[in-house]
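Each chain, letter by letter, is given below.
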Amino acid sequence: MNMRKSPAIVVVLGTGGTIAGVSQVPGDNVHYQAAQLSVQQLVDAVPALAGHALESEQVVQVDSKDMDFAIWLALARRIELHLAREDVAGVVVTHGTDTLEETAYFMQRVLAPPKKPVVFTAAMRPATALLRDGPQNLLDAVKVARVVGACGVLAVLAGSVHSALDVRKVHSYRLDAFSSGEAGPLGRVEEGRLRKFREWPQGVAIGLARLPHDPVPWPVVEVITGHAGSSGALVQAALASGVHGLIVAGPGNGSVHHALDAALRVAQARGVLVWRSTRCLDGPVFDEPDVPFPSAGTLTPVQARIEMMLLLMAPPN
């Protein structure tokens, strides 16, 4: 698939993560400190990017395990600003791998850019690794951001292009740690060219204007994992803390242990929104006539959490 031949700019927004991480012991891929190098340093470390029209901007500098709502809002505002520029072809976001799927899903649901791509990328190994994956991932992401006709929020990692609606981290250490589940990747980047398998992610944007300007009043939605011998203790603790919604990641078809079910019914009676999801990596959750908790469909537990938060903040018109 053809890349843009015009001098249109790709804006690279940095948020930290392992891709910007540094170890005091060269070659150590585990004991390192994330979010140490600036986004400009990451760009400068890829000689193949020297001929590209790029701008870089450091939005935040964090380990993605510490990602929060304030950062999501700040990042969404910067993405929206740059996408509105006529001279910008697309935006690349460098991010940590741990919560990349959450940030990407949030951006797709809130922005759903219809004409330009927002491409997330990351690395499983720090910048000091002997075989680092960050530079290639960043180069591939910039290439995809310049693809004519590309749109929506994407994730480019280990040569695969994923939709933000499907991507999830499935391995704790491997370089190819991300998957799109049953949907499969959107395509592959091969020697700087995109081989596309399916369509770009679509959707109607909720829009930043419909979300609270300040992240403090955002609804509290927690994920509770169901398992053998589940109790209602965590539900009771969540109720005491003022929770607004609960996602239950149950086994199989989102099944719920009887003790947990009883506690969830109490929470629901008190006005807490409760949805069922699954611990399984793939497959939907089907509604059941004798279970009062709606299915989250094919959403992963963390996607369902974001979806519920957005529903509570911006109910359908």
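Here the structure is a predicted model, which means the values were calculated and not measured.

Participant: It is not clear to me how the overall build of the chain should be interpreted in this structure. Could you clarify?
Facilitator: When its secondary structure is counted, the chain shows seven helices and 13 strands. Relative to its length of 317 residues, the chain is compact, with a C-alpha radius of gyration of 20 Å against a globular reference of 20 Å. Referenced to the eigenvectors of the C-alpha coordinate spread, the extents of the chain come out at roughly 60 × 50 × 35 Å. With an accessible surface of roughly 14,000 Å², the chain has 55% of that area assigned to carbon and sulfur atoms.

Participant: Even after reading the chapter, I still don't get the sheet that holds strand β11 (residues 221–225), so can you show me in this structure?
Facilitator: Sheets are built from strands paired through backbone hydrogen bonds, the pairs being either parallel or antiparallel. Spatial strand order, β11-β12-β13: three strands in an open sheet with parallel pairing. The open sheet terminates on both sides in strands that have one partner only, identified here as β11 and β13 (273–278). Looking at each pair of strands side by side, their axes are set apart by 20° on average, direction ignored. Relative to strand β12 (residues 245–250), β11 is paired through five bridges, and the arrangement is parallel. Considered in β12, the bridge of E222 is made with L246. With respect to the sheet, helix α6 (residues 258–269) is in contact with β11, β12 and β13, its orientation differing from that of β12 by roughly 160°. Packing of helix α7 (residues 301–313) onto the sheet brings it into contact with β11, β12 and β13, and relative to β13 it is tilted by some 155°.

Participant: Help me understand the side chain of Q303 in this model?
Facilitator: Mapped onto the secondary structure, Q303 falls in helix α7. In this structure the side chain of Q303 is engaged in a polar contact, spanning 3.1 Å, whose partner is the backbone nitrogen of T300. For Q303, the contacting residues outside a window of four places in its chain are Y105, A164, L165, D166, V167 and T298.

Participant: Got a minute to help me understand unusual backbone geometry in this structure?
Facilitator: Peptide bonds are mostly trans, and most non-glycine residues show a negative phi. Located in the positive-phi region is A112, a residue other than glycine, with phi close to 35°. One can find A112 in the loop between α3 (100–111) and β4 (117–121). Classification of A112 by relative accessible area gives buried; the value is 6%. A positive phi angle, close to 55°, is found at E191, a residue other than glycine. You can see E191 is positioned in the loop between β9 (187–190) and β10 (193–196).

Participant: It is not clear to me how the pattern of salt bridges should be interpreted in this structure. Could you clarify?
Facilitator: Should the charged atoms of two oppositely charged side chains come close, the side chains can pair. All told, the structure shown has 12 salt bridges when counted by the stated rule. Among the salt bridges present, the one from E57 reaches R78, with a minimum N-O distance of 2.7 Å. Note that E57 is positioned in strand β2 (residues 54–62) and R78 in helix α2 (residues 69–83), a separation of 21 residues in sequence. Residue classification places R78 among the partly exposed residues on the basis of a relative accessible area of 29%. The salt bridge partner of R85 is D87, with a shortest N-O separation of 3.0 Å. Several salt bridges share partner residues, and in doing so they unite E55, R85 and D87 into one network.

Participant: I tried to follow the packing of α2 against α3 on my own but got confused; where do I start?
Facilitator: To describe two helices that pack against each other, one gives the angle between their axes and the distance between the axes. Between α2 and α3, whose axes approach to 11 Å, the crossing angle comes to 55°. In this view, α2 runs oblique relative to α3, as classed from their interaxial angle. Crossing handedness for the pair α2 and α3: right-handed. Counting all contacts with α2, which are made through W72, L75, A76, I79 and E80, the residues of α3 involved are E102, T103, F106, M107 and L111. Class assignment for the residues of the contact of α2 with α3 results in seven nonpolar, one polar and two charged.

Participant: Which parts of the structure should I look at to understand the packing of aromatic side chains?
Facilitator: Under the criterion given, the structure shown has four aromatic pairs. Considering the side-chain rings of W72 and F106, the 4.7 Å spacing of their centres and the 20° angle between planes classify their relative orientation as stacked. Here the residue W72 occupies a position in helix α2, and F106 occupies one in helix α3, the gap between them amounting to 34 residues. Among the residues examined, W72 registers a relative accessible area of 4% and is labelled buried. Each ring, one from F106 and one from W218, has its centre 5.9 Å from the other, and the planes form 35°; the classification is tilted. Highlighted residues: F106 in helix α3 and W218 in the loop between β10 and β11, separated in sequence by 112 residues. Through a chain of ring-to-ring contacts, three or more aromatic side chains come together here, namely F69, W72, F106 and W218.

About the thresholds
- Residues numbered from 1 in each chain as written.
- Predicted model: local features only at pLDDT ≥ 70, side-chain atom pairs only at ≥ 80, totals over all residues.
- Heavy atoms only, no water.
- Helix = DSSP H or I, 4+ residues; strand = E, 2+ residues; numbered from the N terminus.
- Rg over C-alpha atoms; globule rule 2.2 N^0.38 Å.
- Areas by Shrake-Rupley, 256 points an atom, 1.4 Å probe, with all protein chains shown as cover.
- Pairing = 2+ DSSP bridges.
- Axes fitted to C-alpha atoms, helices over the stretch in contact; angles between N-to-C directions.
- Contact = heavy atoms within 4.5 Å.
- Polar contact = N/O pair within 3.5 Å; in protein donor to acceptor, adjacent residues only side chain to side chain.
- Buried < 20%, exposed > 50% of the residue type's maximum accessible area, 1.4 Å probe, protein only.
- Salt bridge = Lys/Arg side-chain N within 4 Å of Asp/Glu carboxyl O.
- Parallel < 35°, antiparallel > 145°, perpendicular 65-115°, else oblique.
- Left-handed = near helix turned anticlockwise from the far one by under 90°.
- Nonpolar A, V, L, I, M, F, W, Y, C, P; charged D, E, K, R; others polar.
- Phe/Tyr/Trp six-rings, centres within 6.5 Å; stacked < 30°, edge-to-face > 60°.

Nothing here speaks to function; it is geometry throughout.
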